[in-house]
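Fold and contact review
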Amino acid sequence: MSAFQKETVLSVRHWTDSLFSFTATRDPGFRFQNGQFAMIGLEVGGKPLMRAYSMASANHEEALEFFSIKVQDGPLTSRLQKIREGDIILVGRKATGTLITGNLIPGRRLLLLSTGTGLAPFASLIKDPDVYENCETIVLAHGCRQVSELAYGEHLVEDLRNHEFFGPLIRDKLVYYPTVTREPFRNRGRITDLIASNQLFEDIGQASLDIETDRIMLCGSPAMLEELHAMFAARGFVEGNHSQPGHFVIEKAFVER
Ligand code: A2P
């Protein structure tokens, strides 16, 4: 049995010059936990060309969804950005990753902090009914350079607000906090600075960061992860993993350079 399953592209949506998302068929045997990633890619010259991608779809959904950057000279994304409905992609049979709720000590507020395509695993997690069951509040923060780069997340949250099952849960529990660094917007600045200054919590009208209540998941640029890791560690937060749950967990966004 090949390590990769062939799946058919069902839809593709281009959000900006550098961002797109797509859905694909899902093998019924492909199981994953919300927040995990798998290797996905294309056959190029008879060989699989694969990169790690977080599932942006939830594990109860029939189709798979991915959110990707486009890198013009990137070996995979220069090709992947051209896929169309009906094309074949390869999806690894094994999902893995640290951004799973089991790696966190139970808490009351879940902070999902992302930049760029680091939003993807959180798109999966905010469609997980257990997350709402286990937390009083979920804060989804997404930082981008430009307003246009927020579109995928804005649509995702809007769709959930209008969803028959998730709508009421989202209204009660999910706080969506998009922020932009390089042009005017209602929330401005880097997530690191917004947390360090407490501005993020003031803007959403909630209590400041508190190790007793807060559990955190981070996904984004390496520099953002490094700074937030240091900031949380300095406040006594412990990083969790598969063997030892903690107060926060980290995954880098799998950006192709
Ligand atoms: P900035 O515009 O100030 O660099 P990128 O497109 O480079 O991946 O960045 C996505 C978002 O992450 C941008 O808003 C960027 O802000 C922000 N960012 C970059 N580095 C950091 C960092 N060290 N901490 C927090 N946010 C960061």
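These numbers come from a predicted model, not from an experiment. (Residues numbered from 1 in each chain as written. Predicted model: local features only at pLDDT ≥ 70, side-chain atom pairs only at ≥ 80, totals over all residues. Heavy atoms only, no water.)

Spatial strand order, β9-β8-β7-β10-β11: five strands in an open sheet with parallel pairing. Both edges of this open sheet fall to β9 (174-180) and β11 (248-252), since each of them pairs with a single strand only. Averaged over all neighbouring strand pairs, the angle between strand axes comes to 10°, with direction disregarded. Direction of pairing for strand β7 (residues 109-115) relative to strand β8 (residues 137-144): parallel, over a ladder of seven bridges. Pairing of Ser114 across the sheet is with His142, part of β8. The strands touched by helix α5 (residues 166-173) within the sheet are β8 and β9, with β9 carrying the most contacts at an inclination of about 70°. Its contacts with the sheet place helix α8 (residues 222-234) against β7, β10 (214-220) and β11, and it is angled at close to 160° to β10. (Pairing = 2+ DSSP bridges. Helix = DSSP H or I, 4+ residues; strand = E, 2+ residues; numbered from the N terminus. Axes fitted to C-alpha atoms, helices over the stretch in contact; angles between N-to-C directions. Contact = heavy atoms within 4.5 Å.)

This part takes up the site of the ligand. Lining the immediate surroundings of the ligand are Thr115, Gly143, Cys144, Arg145, Thr181, Arg182, Arg190, Thr192, Ser221, Ala223, Met224 and Glu227. Contact between the ligand and Arg190: an oxygen atom at 2.8 Å from a side-chain N or O atom of the residue. In the model, a nitrogen atom of the ligand is placed 3.5 Å from a nitrogen or oxygen of the Ala223 main chain. If the ligand stood free it would expose 560 Å²; the protein chains cover 81% of that surface. Sorting the residues of the shell around the ligand by element identifies β8 and α8 as the ones contributing at least two each. When residues of the shell around the ligand are assigned to their parent elements, the largest contribution, three residues, is made by α8. Here the shell around the ligand is built from residues that sort into three nonpolar, five polar and four charged. (Near = heavy atom within 4 Å. Polar contact = N/O pair within 3.5 Å; in protein donor to acceptor, adjacent residues only side chain to side chain. Areas by Shrake-Rupley, 256 points an atom, 1.4 Å probe, with all protein chains shown as cover. Nonpolar A, V, L, I, M, F, W, Y, C, P; charged D, E, K, R; others polar.)

What follows is about the domain arrangement of the chain. In terms of domain boundaries, the chain breaks down into domain 1 (4-92) and domain 2 (101-250). Put simply, the middle of domain 1 and the middle of domain 2, counted by C-alpha atoms, are 24 Å apart. With 19 residues of domain 1 in contact, the opposing surface of domain 2 contributes 17 residues. Summed over both sides, the interface of domain 1 with domain 2 buries roughly 1,500 Å², with 64% coming from carbon and sulfur. In terms of surface lost to domain 2, no three residues of domain 1 exceed Trp15, Asn34 and Phe67, which account for 39% of the buried area on that side. Between domain 1 and domain 2 we count one salt bridge in total. A salt bridge links Glu61 to Lys127; the nearest nitrogen and oxygen atoms lie 3.4 Å apart. Here domain 1 and domain 2 share nine residue pairs in polar contact (both at pLDDT 80 or more) between them. (Domains from an automatic or database assignment. Buried area = accessible area lost by both parts, 1.4 Å probe. Salt bridge = Lys/Arg side-chain N within 4 Å of Asp/Glu carboxyl O.)

Let us now look at the UniProt feature "domain: FAD-binding FR-type" (unreviewed entry) in the chain. When the UniProt feature table is mapped onto this chain numbering, "domain: FAD-binding FR-type" (unreviewed entry) sits at residues 2-105. Helix and strand shares over residues 2-105 are 4% and 44% respectively, and the end C-alpha atoms of the span are 37 Å apart. (UniProt positions renumbered as here; feature names shortened; annotations may be inferred.)

This next bit is on the layout of surface pockets. Of the volumes computed, that of the largest pocket is approximately 760 Å³. As for the largest pocket, its lining consists of 27 residues, and the residues nearest its centre are Thr115, Gly116, Gly143, Arg145 and Ser221. Of the residues belonging to the lining of the largest pocket, the class tally is nine nonpolar, eleven polar and seven charged. Counting contributing residues per domain, the lining of the largest pocket is built from domain 1 (4-92) and domain 2 (101-250), each supplying no fewer than three. Computed from the structure, the second largest pocket encloses a volume of approximately 310 Å³. Surrounding the second largest pocket, 18 residues form its lining, Glu65, Lys127, Tyr152, Leu156 and Asp159 being those nearest its centre. Looking at the lining of the second largest pocket, the elements with two or more residues in it are β1 (4-16), β2 (19-24) and α4 (151-161). Of the residues contributing to the lining of the second largest pocket, the split by class is seven nonpolar, six polar and five charged. (1 Å grid on protein atoms, 1.4 Å probe; cavity = no way out; pocket = protein on both sides within 12 Å on 5 of 7 lines; lining within 4 Å. Points joined across faces, edges and corners; volume = space filled by probe spheres on them.)

Turning our attention to the nonpolar core. Judged by nonpolar contacts, the single largest core of 36 residues is most densely connected at Ile126, Ile138, Leu140 and Met217. For this core, the secondary-structure elements that each account for two or more residues are β7, α2 (120-125), α3 (129-134), β8, α4, α5, β9 and β10. In terms of residue count, the dominant contributor to this core is α4 (five residues). Both domains that meet at this core, namely domain 1 (4-92) and domain 2 (101-250), each give it at least three residues. (Core = buried A, V, L, I, M, F, W, Y, C linked by side-chain atoms within 4.5 Å. Buried < 20%, exposed > 50% of the residue type's maximum accessible area, 1.4 Å probe, protein only.)

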